[in-house]
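Listed below are the residues making up each chain.
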Amino acid sequence: MNSHAFAALAHIPILVFPVGPIPRAAFEKYAAEIRTFDSIRLGDIPAGMKDERARFMPNPLSSGYLYLSYPSHPPPPRHMSLSLFRPSHFTLGIIGVAACSSSYSLASALEQFENTVLDIFPEGSTFPLAKVCLAFEDEESAGSTGLGDTLPGIVSIPSVMGNKKLYIGTLLADLCSHILAELGRVYHVLESPIGNEYLNSALFPTLPSPSEMPLSLSSGNLGYPSYSSQPELESSGLATSGIQIKRSSTAGPGISHTASLIQRQTTLGPPAVRKRISAIGAVSSHGRLYKVLGDFFLLAGRTEDASLWYAEAIVLFKTGQDPVWHGSVLEGMATVFVLDAWSAGQGLQSSVSNNGIKEPWADIYDQLSQSIALYQKAPAPSEPSQDHSLLALTYCTAVMRQTSLLFCTWSTKGWGALAFASMLQPASTSYTQKTTSDNSWTNLERISIVSGVSRSQIANTVSQAHGPWLLHLGPHERLNILQSMATIYSSLGYKRKEAFILREVISCIMDLIVCGREENDLSRKSDVGSANTGNRSENGDEVSAVGKGAVGVRQNEILEGNQSILKLLVRACKVLGVDLEAVGVATATDGNSSEAGGRDSNGFAVEDLEGLADAARESFGWPELQVGVIREAIATALDPLAVARISLSALRTMHSVLASSDQYHLYQTAGRALAAMRRRGEAPAVEYWAGNPIMSLALSPLALHRLPIENPFSILTAKSSATNSLLSGIIDPFLYNPRKSSGPQSKNLIVQDEPIELTITLRNPYVFDLEIQSISLSTTGVEFESSPVSALVIPPNTLYSITIIGTAKTRGTLVFRGCIVQAPWGAPREFLLPVPTDADQNLFARRQSAVRCESGRTKYWGLDSLPWEKDGRRLSTLLPSLKNPPQFLQCVVVPEQPLLRIRWTSLTHGAVMLYNGEESTIRLTLENISALPIDFIRLSFEDSTIGPAQEALSEGELSVFETYETEYDLLHRKAFSWRNEKEITNILPNQKVVLSVTCVGKVGCAYGTVHISYSQVNRGHEEQVPVPEVFYTRQLSYPVTVTVYHMLECHDMRLMPMIDVDYDDISPRASNSVIHLLPEVDDPKEWCLFAIDVRNTYGLPFEVTFEREQAGTEIAAVSSTVPPGSMSRIMLPVKKFRLSDDQISQPIPTLSDRQFVVGKSKLSIEEEQAQRELFWYREELLKIVSARWKETNGDRHGDLSLRQQRLTLPMLKALRTDVVQIDLTLIVDNPDGSPQELDYSRGKYIASPNEMLYLRVEVANSSLLPLAMTLDLIFDPAEQVLSEGVLSSIAIGKVKPDETKAVEVPLCFLCTGRFEIGAEVRIMGTSKGSRASASRICISVREDG
Amino acid sequence: MSHHLFLLSPSDTPIYSLTHYSTKLPQPTSSSLSSNLPTWSTSAFAGTLTALSGASSATQSHHVQGGAVRMGGGQDRHVIQMIANASLDVIEDVMRKESAMYLKSVDKFNEWTVSAFVTPGNMKFILLHETKNDDGIRSFFHDVWELYLKTMLNPFHTAHSPIRSIVFDTRVRASAKKYL
């Protein structure tokens, strides 16, 4: 910023450069010492000149200062045209710094100094005006350099000198004195008529080289003054007048100024010039001359004189058409104003009070504005010359000066001493940096309020400098201006504007680099000058250092330049919301992996989860600008690593806004850059960049026959109760059981030394094929061996699954943390995949919704809402944090297990076809194909009838009776069963065993499964100290398809009392040979007849056999062949029986241990009693009668189930032996008077009408209690029967057990026909309707009888 | 003469942009400083610099002095967006201090003057224009605001989603035609 100091017009620039072989450090030291003198008191200037050179000399007691500045390099030769317009732009003095030693003499130093000066400033240029070479003596070689001999033009400073600084100050004052003297000489030339002509000849005039000057001038030796050259003493009137002016001007207050001015004007100086001009015939105005005079006075620190001559110049310029010079005068006046204010306020450190209405700097500001306007409207130079460039430079400098005024005032918190100081000597005050270092808005705004300068005002001022005219400027000036603008914007906190300018700065630098390379290619000559000056710039000006340093980057191998450009890029891009460093450079590969392992896993996981949540957040920034800036950044970055990082960062952070072509381009660029790097042999790996590619990690379930099942050891000892397991299919009584779900999650069991498969789902959100170099699993716990998947290409915008196969080496717990992914040429990166628990998921969902809720609202805006600054910000709601450590996919590795396989089965296609009730055997040959013996084997079965039955049971809608039937079915009629007849327990390795499974045809069974659980329980060779509570089994399943043909149906079971059986009827109807069984029925009252219809619905005839197996009788069987499609009725006499009261009063049992069976039926006690009675009698009947079937033409056979048949109350009555036995007999008196039983044949009595008969009723009590009974008699038809006595409620009296009582009733049939007589016995004391027993007889009354 | 309107969300993302070419003739404001620009380099970066400094538009305007419409090229458009983005600095600064919604000519850059309108919801309407047209711009901004509010009434529209409504576009264009 040195070049844009506000008061640069008043600075005498002095160039300091090294001479000869001087170490850099030594030069820096001496130069710094010289540079500490930023001002010199006018009183210290030796004034000894007498001629025109004394014009600008200070008077001895004046109190002003000369201000020195030390630019790092001279202005370029192109600016030579400005030499008269702006002398302060040029280095007026030169100091060479040499280090003298024994090997480097003073003379050689001087020679080199002269040569260098000639190199820098070609002969004929106006400047520099004075030069000196300082030779510092080395400490080692003190005294040996021959300091004694003094050469003109070089001053040697011995190392022994104590106060070097004082001496240097004196030398500087000497130099300044010479400069001032030379200024006087220049002015002397200018004020001559020819000089004035030259001055007015062009927009930016120059003095011609001395040779072209008129003879009178050339003697001045203007072009090449030197310290050594002794100026010739030229006495002229002007010289004395100059001294007079000086004297008078400093003599007293204002009046004397004007007086002297008037005097001077009237008598001497300019009037004389005017005269000479007119004498020559030119009509040039003296405005420019006065302006130059003012400039020189300003440089000489004599502000009063300067302002006087500036005022003169303005008067002349007001009418004239010389806006550029006019503007320059205004600039000079502004500088004078500030210098005056500075010297007035320097003593008192307090700031000048601004009690006026206008700000004190408003006048200066207006002056400068005017000047800027003048520059701007200056007529364009007709010929395309340097003038364009110089005019633009002048304009920009003026704008920067105006900005500097505001900025200094602002940054030093107001118009005051500090502000002046920073305007005069910006380098010496670090105050600016201090105040603006805190870049917060509040601080900046506070400064604005304190200083009375608003930031937008500064910004508007500085933005005037920005425009197309920047292209006129030379590269260095352009950089300088842009960099100053950027600094100001940055200090103001206007980051976006800074970014804008920075982009231009970068473009400038890059253009220089590109051009520099081309130049380098053309001529390999090193551009010493620019490189040297670039290196020498020590004002902390990073940009220019970069610019110069980067030119020679190929030769110098300086990486700083590239790094600095990158820094600029990153800074500019960050403002636009692009993080170019999102993808970092991985550190050493091995270090990274160990670090990843050691790092706390929580951080990772939380980050991952949050990353997901962040996806819901809104994007930041202007996508088009971001894309543009990234393209530019890629073009700018010189380093392939940087190119790769930038492209990958862009892909990572911005792929949602990038067009597909851009994505392709970036990906390819990154690939090329990385490949180039690899070619060069550098191998810095970039971090993994493509977001989180892992969607999920899942353990593929093991094949069923390999899956180990955990069992407690207790089941080995306890006898397994198959009952329970089968019946209690769904035993949980609660519809919703909260404990069930919260129980331990089912563990993933895997087996040691057996391969498992893991499925990884990958995601590619990009539009190109994403390459992944390798993916491997990251596990902890048990040693796990897996081979990484390499060279993977994921198609664009898809999910992609891969499978990794691995083996656990030892038993224990295995945790899959996630995957380690490596992109081509990238560093591997671990991605964790926690398996969220419910609580975690809940939290996560809450976080997501909180973020989503937040996304519509704006708490921070603008640059505060940059994505990477957001994390530190508060949201309006507190996000719930994930506290629990993440859970990962866990597996339990169980010890090695034996493996069985089914080698052979007796079934073809695993299918079995059965008739209903048929029994068949399935033979399974098992082979142990592992190296471990099997000492535990157990079979369980499953078939399709179990499920529905269990479901019906669990629903509980069945009646008690149905429940019993279902349970019976489940328990006693299993479709599959295994009787371990051979006691198979051990299967040695490679041994084969045969298992026989019985299969019963059961209607409704469509398929079934045989499960063979096996294990090696006793592992003698590895004794474990804690006896494990569990052991693992494997299960082999063999599915069987079952087809059951339902061919025989039983229905319509009947039980009839034998008495009622009409034998005539039976014979034709009974399809079986029941007749031959009848003879065994000795007493029809003791028997009943069991009849059932069997229908054959199948296509083959079957022979059905019913068997009776009853105590007290012989085993009897009836069989019948049932032809296809027809129905047969089977009859079988069954002896009546009676169950004890105890037995029938038992409730219907349940076969399971189910609880909570609440009787739903609303049955009365009697009804319930009746139901139980029916149940128990039926059970008994089914025990007695069994049915079998047999294929007529084959040997297949089976059981026929009768359990579908129901027992009804009449059937029960027929089956049950009555409590009371009634025996009806008809007796007729024989002619001999002896009673005789009437003829009985074929179940009937045969009687004659009108014959007196006796009906004898014998009642026997067959129960265990004495019973009091009554008897009812019924005749049918009653009208044709005469009887004696009452027929109903005939009291029998109490009959003891096993006692028989008889009642005789005389009767007479009045006609022929068929009669029936019924008798009913009722037991007293029971309900009316219940008859204890009944009997009847049939009588056939015939005439012939 | 052209106008460039940008609707920026609080996170500086444009949700709508419009370039409007007015039929009014631009005032020739070119300074002599920006005339006769040299082509000082041919590298791509020089192009960027040329564009950013506003030189390309300056030369362009010289070429088509007669025609009323100046074409905004791709490069130019990027620069205009950059300027709009950079002007946010000043707009944010001013809107913190002043409660006015319409910020008249808050910023100037190159040849562009920037006017802005800040809604209570922190949406920023930014208009780049070359000439002074205070009343017209104010009315235009109010029109756009109303249209924007109508769009925002849509419950499925968030503050950050781009406005793609054709109706909105048509009406904003009509308003621009009327006032600018």
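Criteria and cut-off values
- Residues numbered from 1 in each chain as written.
- Chains lettered and ligands numbered in written order.
- Predicted model: local features only at pLDDT ≥ 70, side-chain atom pairs only at ≥ 80, totals over all residues.
- Heavy atoms only, no water.
- UniProt positions renumbered as here; feature names shortened; annotations may be inferred.
- Pairing = 2+ DSSP bridges.
- Helix = DSSP H or I, 4+ residues; strand = E, 2+ residues; numbered from the N terminus.
- Axes fitted to C-alpha atoms, helices over the stretch in contact; angles between N-to-C directions.
- Buried < 20%, exposed > 50% of the residue type's maximum accessible area, 1.4 Å probe, protein only.
- Contact = heavy atoms within 4.5 Å.
- Salt bridge = Lys/Arg side-chain N within 4 Å of Asp/Glu carboxyl O.
- Core = buried A, V, L, I, M, F, W, Y, C linked by side-chain atoms within 4.5 Å.
- Domains from an automatic or database assignment.
- Polar contact = N/O pair within 3.5 Å; in protein donor to acceptor, adjacent residues only side chain to side chain.
- Nonpolar A, V, L, I, M, F, W, Y, C, P; charged D, E, K, R; others polar.
- Phe/Tyr/Trp six-rings, centres within 6.5 Å; stacked < 30°, edge-to-face > 60°.
- Lys NZ or Arg CZ within 6 Å of the ring centre and 35° of its normal.
- pLDDT = per-residue confidence, 0-100.
- Parallel < 35°, antiparallel > 145°, perpendicular 65-115°, else oblique.
- Left-handed = near helix turned anticlockwise from the far one by under 90°.

Chain B carries the name Sedlin in an unreviewed UniProt entry, which gives Suillus plorans as its organism.

Chain A carries the name TRAPP II complex in an unreviewed UniProt entry, which gives Suillus plorans as its organism. Reading the Subcellular location (unreviewed entry) entry of the UniProt record for chain A gives the comment "Golgi apparatus".

## Quick look at the sheet that holds strand S22 (residues 976-978) of chain A
All names here are of chain A. In space, the four strands of this open sheet follow the order S18-S20-S23-S22, with antiparallel pairing throughout. Both edges of this open sheet fall to strand S18 (900-905) and S22, since each of them pairs with a single strand only. For this sheet, the mean inter-axis angle between neighbouring strands, taken without regard to orientation, is 35 degrees. Sheet topology places S18 next to strand S20 (residues 919-928); five bridges connect them, and they run antiparallel. Opposite Thr905, over in S20, you have Leu924 as the bridge partner.

## Some remarks on the environment of Val144 of chain B
Residues and elements named next belong to chain B. Structurally, Val144 is set in helix H4 (residues 134-152). Val144 gets classed as buried once you look at its relative accessible area, which sits at 0%. For Val144 and Ala176, which are 32 residues apart along the polypeptide, the C-alpha to C-alpha distance reads 9.1 Å. Contact partners of Val144, with chain neighbours within four places excluded, come to Leu5, Leu7, Phe125, Phe168 and Val172.

## As for the pattern of salt bridges
For the structure on display, the rule yields 43 salt bridges over all chains. Across the pair Arg496 of chain A and Asp12 of chain B runs a salt bridge whose closest N-O atoms are separated by 2.9 Å. Placement of Arg496 of chain A in helix H19 (residues 495-522) and of Asp12 of chain B in the loop between strand S1 (2-8) and strand S2 (14-21) is noted, with the two residues assigned to different chains. We classify Arg496 of chain A as buried; its relative accessible area is 2%. The class for Asp12 of chain B is buried, based on a relative accessible area of 2%. The structure contains a network of salt bridges with shared partners spanning Glu445 and Arg455 of chain A together with Asp93 and Lys97 of chain B.

## A few points about the nonpolar core
All names here are of chain A. Counting residues in each nonpolar core, the largest one holds 241 residues, and the members touching the most others are Ile95, Leu172, Trp689, Ile760, Ile775 and Phe816. Looking at this core element by element, the count peaks at 14 residues for helix H13 (residues 386-411). In this structure, this core is formed jointly by two domains, domain 1 (8-190) and domain 2 (348-517), each of which donates at least three residues. Setting aside residues no more than four positions away along its own chain, Ile775 makes contact with Ile760, Leu762, Pro788, Val789, Leu792, Ile802, Ile804, Cys819, Ile820 and Val821.

## Considering the sheet that holds strand S7 (residues 694-699) of chain A
By way of backbone hydrogen bonds, the strands of a sheet pair with one another, either parallel or antiparallel. Residue and element names in this part refer to chain A. Read across the sheet, four strands follow the order S7-S10-S14-S12 without closing on themselves; strand pairing throughout is antiparallel. Taken across any chain shown, the strands that pair with only one partner, and hence form the sheet edges, are S7 and strand S12 (784-786). On average, each strand axis in the sheet is tilted by 30 degrees relative to the strand beside it, whichever way the strands run. Direction of pairing for S7 relative to strand S10 (residues 755-764): antiparallel, over a ladder of five bridges. Looking at S10, one finds that Ile694 is bridged to Leu762.

## Considerations on the interface of chain B and chain A
Counting residues at the interface gives 54 residues for chain B and 61 residues for chain A. The tally of links from chain B across to chain A stands at six salt bridges. Salt-bridge contacts for Arg496 of chain A lead to Asp89 of chain B; the nearest nitrogen and oxygen are separated by 3.2 Å. The interface formed by chain B and chain A contains 14 residue pairs in polar contact (both at pLDDT 80 or more). Broken down by secondary-structure element, the contributors of at least two residues to the side of chain B that touches chain A are S1, helix H1 (44-52), helix H2 (55-63), helix H3 (74-97) and strand S3 (102-109) of chain B. A per-element tally of the side of chain B that touches chain A places H3 of chain B first, with 17 residues. A class-by-class count of the residues in the side of chain B that touches chain A yields 25 nonpolar, 20 polar and nine charged.

## Digging into unusual backbone geometry
Between Asp1276 of chain A and the following residue, Pro1277 of chain A, the backbone shows a cis peptide bond with an omega angle of -10 degrees. Relative to the helices and strands, Pro1277 of chain A is located in the loop between strand S38 (1267-1276) and strand S39 (1281-1283).

## Points about the packing of aromatic side chains
Scanning the entire structure with this criterion turns up 39 aromatic pairs over all chains. When the centroid spacing of 5.6 Å and the interplanar angle of 55 degrees are considered together, the rings of Phe117 of chain B and Trp145 of chain B count as tilted. With Phe117 of chain B in strand S4 (residues 112-118) and Trp145 of chain B in helix H4, this pair connects stretches of sequence that are 28 residues apart. Both rings, one in Phe125 of chain B and one in Tyr148 of chain B, keep their centres 5.8 Å apart while their planes meet at 80 degrees; by these two values the pair is edge-to-face. Note that Phe125 of chain B is positioned in strand S5 (residues 124-129) and Tyr148 of chain B in helix H4, a separation of 23 residues in sequence. Put simply, the rings of Tyr102, Phe117, Phe125, Phe140, Phe141, Trp145 and Tyr148 of chain B pair up and form one aromatic cluster. The residue whose ring lies beneath Lys291 of chain A is Phe85 of chain A, and the NZ or CZ to ring-centre distance is 4.5 Å.

## As for the confidence of the model for chain B
All names here are of chain B. Here chain B shows a mean pLDDT of 78. Residues at 70 or above account for 76%. Confidence drops under pLDDT 50 across residues 58-75; counting only partners more than four residues distant or on other chains, this segment forms 24 contacts. Both scores are available for the predicted complex, with the pTM at 0.68 and the ipTM at 0.89.

## Focus: helix H16 (residues 441-451) of chain A
Those residues of H16 of chain A that sit buried are Asn443, Leu444, Glu445, Ile447, Ser448 and Ser451 of chain A. Of the residues trailing H16 of chain A, Gly452 of chain A is marked for its positive phi of about 80 degrees.

## What about the packing of helix H17 (residues 455-463) of chain A against helix H18 (residues 475-492) of chain A?
All names here are of chain A. Across the interface, H17 lies against H18 with an axial gap of 10 Å and an inter-helix angle of 165 degrees. Looking at the two axes, H17 sits roughly antiparallel to H18. In this structure, H17 meets H18 at a crossing whose hand is left-handed. Here H17 contributes Arg455, Ile458, Ala459, Val462 and Ser463 to the contact with H18, which in turn contributes Met485, Ile488, Tyr489 and Leu492. Here the contact of H17 with H18 is built from residues that sort into seven nonpolar, one polar and one charged.

## Remarks on the pairing of strand S5 (residues 130-137) of chain A
All names here are of chain A. For S5, the buried fraction is high: eight of the eight residues fall into the buried class. Of the two faces of S5, the one holding Ala130, Val132, Leu134 and Phe136 and the one holding Lys131, Cys133, Ala135 and Glu137 are both buried throughout. Relative to S5, strand S4 (residues 93-100) runs parallel, the two sharing eight bridges. Looking at S5, one finds that Ile95 is bridged to Val132. Alignment of S5 against strand S6 (residues 154-157), held across four bridges, turns out to be parallel. Note that in S6 the partner of Leu134 across the bridge is Val155.

## Points about the packing of helix H34 (residues 960-972) of chain A against helix H37 (residues 1165-1184) of chain A
Residue and element names in this part refer to chain A. The geometry of H34 relative to H37 is characterised by a closest axis approach of 11 Å and an angle of 25 degrees between their N-to-C directions. The angle between the axes of H34 and H37 places the two elements in the roughly parallel class. Along this stretch, H34 crosses H37, giving a crossing that reads as right-handed. Residue-level contacts link Phe961, Tyr964 and Glu965 of H34 to Phe1175, Arg1178 and Glu1179 of H37.

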